[in-house]
Amino acid sequence: MSEPRGTPKSADADRFGERIRLGVLTRWITPQIIDEVLEQTGRVELRRRLLPARAVMYFVLGLCLFSSAESAGQPGYRAVLRGLTNKLRHLPDFAFQQLPTSSALTRARQRLGDKPLHALFERLSGPLASPSTVSAFAFGLRLVAWDGTVLDVPDTPANAEFGFTGKNGVNLSGNPQVRLMALVECGTHALIDAAFDAVARFSEHALARRLLASLDASMLLLADRNFAGYELWAATRATGAHMVWRIKQNAVFDPLEVLPDGSFLAIMRTPADNVRYGQARAAGRTLKATPHGHLVRIINYTVTVHPAGGLPQKEVFRLVTSLLNHKHAPARQLAMIYHRRWEIENCYAEIKNRLRGAGFVLRSKLPELVSQEVYALLTVYQALCAVEVQAAEQAGIDPERVSFTVTVQLVRLSTTDQAAADTATLGTARRQVTEDLLDALLPPRRDRRCERVKKPPKNTFETKKRDRPRTESNVSYRLTLARHPPLPATMP
């Protein structure tokens, strides 16, 4: 790969860790882009360091790429840097003949801060599907979904400001958490936008409002029943995007017109009219005036699951949509595409279980470094999705057939093999990764029903409470051997 603009073409550049790359992901996370965001955020170093800002950027991204590489826990700082500099440290002009200490790497992360990673994520985020991408569009609109999740962070005094998931004052999470809200392209799992903040202070609704700027008239937004409400519906519809959201069964919608496909038009009432009509209904009165609010379309349907063994099971669904024309968007088709909302759950499973590591806690002990790490995690995930989409489009298949687990494995190998050493090597590595991904395709997704249940933990130890004092670890031991009493004299 050619050197970025402004970098001197001399051995001096090689001496300061400028060769560190991220394997085939360098195709998307280029040194040029990293240099631009560093300059944009004012993080270009004033003097040459052993760990320049660009190298630290790749290091932080590498922490997230290799997060789940070991089953026992996240690999340490030096282990990750060892992988990033594999096949480089033997070179006589390379700086990392001896790896920096973990404390030096921590100080480098603190100097960098979170703004460059935030800017980098904004540069890479966005939809990846082309018009030919299988299952990415419906009714001429790009299928997108949003939802929230939480990420555990280390339980330090500084991180305690993020708060804990709890109920009635009882801490249920064990660790402080950040609430993450993402807007995802259903066909590719690409991150169009994301927002996160303290779980104790920000709800999913509050974070969803930060994502509104990324919606436009080309999108059809799918969401679960947690989001349906007059104000958020109005704010979302103002972006031009159309919506198909699930709503609760106890929500009252009076039909204005029943359409031929069984759906009906109704008014999503303002909060004031909701109260007024609710009081009238409780008193047995009927208000004749048409309520104020949004004109919407309601679709009711039942899904019947026929398991291989056992009795059929039914679940009732209710959708509200801004697509009012039943001829353009028939109710049955809307009901059939709503299940695509679950792609964001698959997206979170890939981020939290396969990339970060199942049950792992983010490693950063300071809020700014937590923010830095989350943006790095999202950036790496977006680049991995780009690798999958590139392979799928080359073969003309649905991106969901490309294994995310295999993608992560191959990208890690290309990183330690220094696949981005130059342009020719990077091109060869990208072609090889594509061939390997297409050689390990997943079978077409089958119909299945997975209950939201959790397996019990393998151990039965009591959970440590936050208010329980930690046992003193600096102790000393003294062993005293007991002398055995003398044996009785034997008889002659």
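**What to know about the overall build of the chain**
Alright, step 1. Helices and strands together make up the secondary structure of the chain, namely 14 helices and twelve strands.
Alright, step 2. Dimensions along the principal axes, computed over C-alpha positions, put the chain at roughly 105 × 85 × 50 Å.
Alright, step 3. Burial status across the chain gives 48% buried among its 492 residues.
Alright, step 4. Taking the contacts inside the chain whose residues are at least 6 apart along the sequence as the reference set, 70% of them involve residues at least 24 apart.
Alright, step 5. Of the roughly 26,000 Å² of accessible surface on the chain, 53% is carried by carbon and sulfur atoms.
Alright, step 6. Positive and negative side-chain charges of the chain, numbering 66 and 47 respectively, have mean locations separated by a distance of 5 Å.

**Brief notes about unusual backbone geometry**
Alright, step 1. Its identity as a non-glycine residue notwithstanding, S135 has a phi of 65 degrees, on the positive side.
Alright, step 2. With respect to the element layout, S135 can be found in the loop between α6 (115–124) and β1 (137–138).
Alright, step 3. Here S135 falls in the partly exposed class, since its relative accessible area comes to 27%.

**Some details on the packing of aromatic side chains**
Alright, step 1. Summed over all chains, the structure comprises nine aromatic pairs.
Alright, step 2. A ring pair is formed by F317 and Y338, whose centres lie 6.5 Å apart and whose planes are at 65 degrees; its orientation type is edge-to-face. With a gap of 21 residues between them, F317 in strand β12 (residues 313–321) and Y338 in helix α10 (residues 331–338) connect regions that are remote in the sequence. Judged on exposure class, the residue F317 and its partner Y338 are both buried.
Alright, step 3. Taken together, the ring pairs connect W146, F227, W233 and W245 into an aromatic cluster.
Alright, step 4. Across the ring face of W342, the terminal group of R341 is positioned such that the distance to the ring centre comes to 5.0 Å.
Alright, step 5. The residue whose ring lies beneath R430 is W28, and the NZ or CZ to ring-centre distance is 5.9 Å.

**Describing the environment of F121**
Alright, step 1. With respect to the helices and strands, the residue F121 is situated in helix α6.
Alright, step 2. Classification of F121 by relative accessible area gives buried; the value is 1%.
Alright, step 3. When near neighbours in sequence (up to four residues on either side) are disregarded, F121 contacts L191, D193, A194, Y375, L378 and T379.

**A closer look at the pattern of salt bridges**
Alright, step 1. Applying the stated criterion across every chain, the model contains 16 salt bridges.
Alright, step 2. Two residues, R269 and D254, come together in a salt bridge whose shortest N-O distance is 3.5 Å. Placement of the pair is R269 in strand β10 (residues 264–269) and D254 in the loop between β8 (242–246) and β9 (257–258), with a sequence separation of 15 residues.
Alright, step 3. The buried category is assigned to R269, whose relative accessible area is 5%.
Alright, step 4. Relative accessible area serves as the criterion here: at 42%, D254 is assigned to the partly exposed category.
Alright, step 5. Of the charged contacts, one joins E400 and R445 as a salt bridge, the two residues approaching to 3.4 Å between their closest N and O atoms. Of the two residues, E400 sits in the loop between α12 (367–395) and α13 (404–416) while R445 sits in the segment after α14 (423–438), which places them 45 residues apart along the sequence.
Alright, step 6. Residue R445 is classed as partly exposed on the basis of its relative accessible area, which comes to 37%.
Alright, step 7. Salt bridges sharing partners connect three or more residues here, namely D147, D224, R341 and E345.

**Considerations on the packing of helix α3 (residues 53–65) against helix α4 (residues 77–84)**
Alright, step 1. Contact geometry of α3 with α4 gives a least axis separation of 9 Å together with a crossing angle of 110 degrees. One element, α3, and the other, α4, form an angle in the roughly perpendicular class. Facing Y58, F59, G62 and L63 of α3, the residues of α4 in contact are Y77, V80, L81 and L84.
Alright, step 2. Its residues assigned to classes, the contact of α3 with α4 shows seven nonpolar, one polar and no charged.

**Quick word on the confidence of the model for the chain**
Alright, step 1. Averaged over all residues, the pLDDT of the chain is 89; the fraction at 70 or higher stands at 93%.
Alright, step 2. A low-confidence stretch, residues 1–16 (pLDDT under 50), is modelled with 37 contacts involving residues beyond four sequence positions or located in other chains.

**Let's talk about α3**
Alright, step 1. Helix length check: α3, at 13 residues, gives a terminal C-alpha distance of 18 Å against a target of 18 Å (1.5 Å per residue), a fit within 8%.
Alright, step 2. Counting buried positions along α3 gives 13 out of 13 residues, so the element sits mostly inside the fold.

**A word on α6**
Alright, step 1. Buried within α6 we find P116, L117, A119, L120, F121 and L124.
Alright, step 2. Where α6 is buried, its residues contact α2 (31–40), α3, α5 (102–112), β6 (191–198) and α12.
Alright, step 3. Positioned one or two residues after α6, G126 has a phi angle of 140 degrees, which is positive.

**Considerations on the pairing of strand β2 (residues 141–152)**
Alright, step 1. Burial of β2 is extensive: ten of the twelve residues sit out of reach of the surface.
Alright, step 2. Two strands pair when backbone bridges link them, and β1 and β2 are joined in this way by two bridges, in the antiparallel orientation. Its bridge partner lying in β2, A138 is registered against L141.
Alright, step 3. With antiparallel pairing between neighbouring strands as the criterion, β1 and β2 make up a hairpin whose turn holds two residues, including F139 at a positive phi of roughly 55 degrees.
Alright, step 4. In terms of strand pairing, β2 meets strand β7 (residues 219–223) through four bridges, oriented parallel. Residue pairing in the sheet places A145 in a bridge with L222 of β7.
Alright, step 5. Strand direction decides the pairing type here: β2 and strand β5 (residues 177–185), joined by nine bridges, are antiparallel.

**Section: the environment of R445**
Alright, step 1. Considering only alpha carbons, one finds R445 and R209, 236 residues apart in sequence, at a separation of 33 Å.
Alright, step 2. Dropping the residues within four chain positions of it, R445 is found in contact with E343, N346 and E400.
Alright, step 3. Side-chain polar atoms of R445 contact the side chain of E343, separated by 2.6 Å.

Rules behind the numbers
Within each chain, residues carry numbers counting from 1 in the order of the written sequence. Where totals are concerned, whole chains, interfaces and linings use all residues; where local detail is concerned, this predicted model gives features only for residues with pLDDT of at least 70, and gives and counts side-chain atom pairs only at 80 or more. Side-chain calculation: all heavy atoms of the structure are included, whereas hydrogens and water are not. Secondary structure elements are taken from DSSP: a helix is a run of H or I of four residues or more, a strand is a run of E of two residues or more, and numbering for both begins at the N terminus. Relative accessible area decides the class of each residue, using a 1.4 Å probe on protein chains only: under 20% of the type maximum gives buried, over 50% gives exposed, and in between gives partly exposed. In what follows, residue pairs with any heavy atoms lying within 4.5 Å of each other are defined as contacts. Under the convention used here, a 1.4 Å probe and the Shrake-Rupley method define accessible areas, while residue burial counts only the protein chains that appear. Neither His nor the chain ends is counted toward charge; the positive residues are Lys and Arg and the negative residues Asp and Glu. Every charge is mapped onto a representative atom, which is NZ of Lys, CZ of Arg, CG of Asp or CD of Glu. Aromatic pairing here means that ring centres of Phe, Tyr or Trp (its six-membered ring) are within 6.5 Å. Orientation follows from the plane angle: under 30 degrees is stacked, over 60 is edge-to-face, and everything else is tilted. Working rule: Lys NZ or Arg CZ, within 6 Å of ring centre, within 35 degrees of ring normal, means a charge sits over the ring. Each salt bridge in this description consists of a side-chain nitrogen of Lys or Arg and a carboxyl oxygen of Asp or Glu lying within 4 Å of one another. Fitted lines through C-alpha atoms serve as axes, helices being fitted only where they are in contact, and the angles separating the N-to-C directions of these axes extend from 0 to 180 degrees. An angle below 35 degrees is read as roughly parallel, one above 145 as roughly antiparallel, one from 65 to 115 as roughly perpendicular, and any other as oblique. Note that Gly is not counted as nonpolar here; it falls among the polar residues with everything else outside the nonpolar set of Ala, Val, Leu, Ile, Met, Phe, Trp, Tyr, Cys and Pro and the charged set of Asp, Glu, Lys and Arg. Across the chain, each position has a pLDDT score giving the predictor's confidence in that residue, from 0 to 100. Expected helix span is taken as 1.5 Å per residue step, with the number of steps being one fewer than the number of residues. In this description, strands pair whenever DSSP reports at least two bridges between them. Within 3.5 Å is the distance limit for a polar contact, defined as a pair of N or O atoms, with the added protein rule that one can donate a hydrogen and the other accept it, and that residues adjacent in sequence qualify only through two side-chain atoms.

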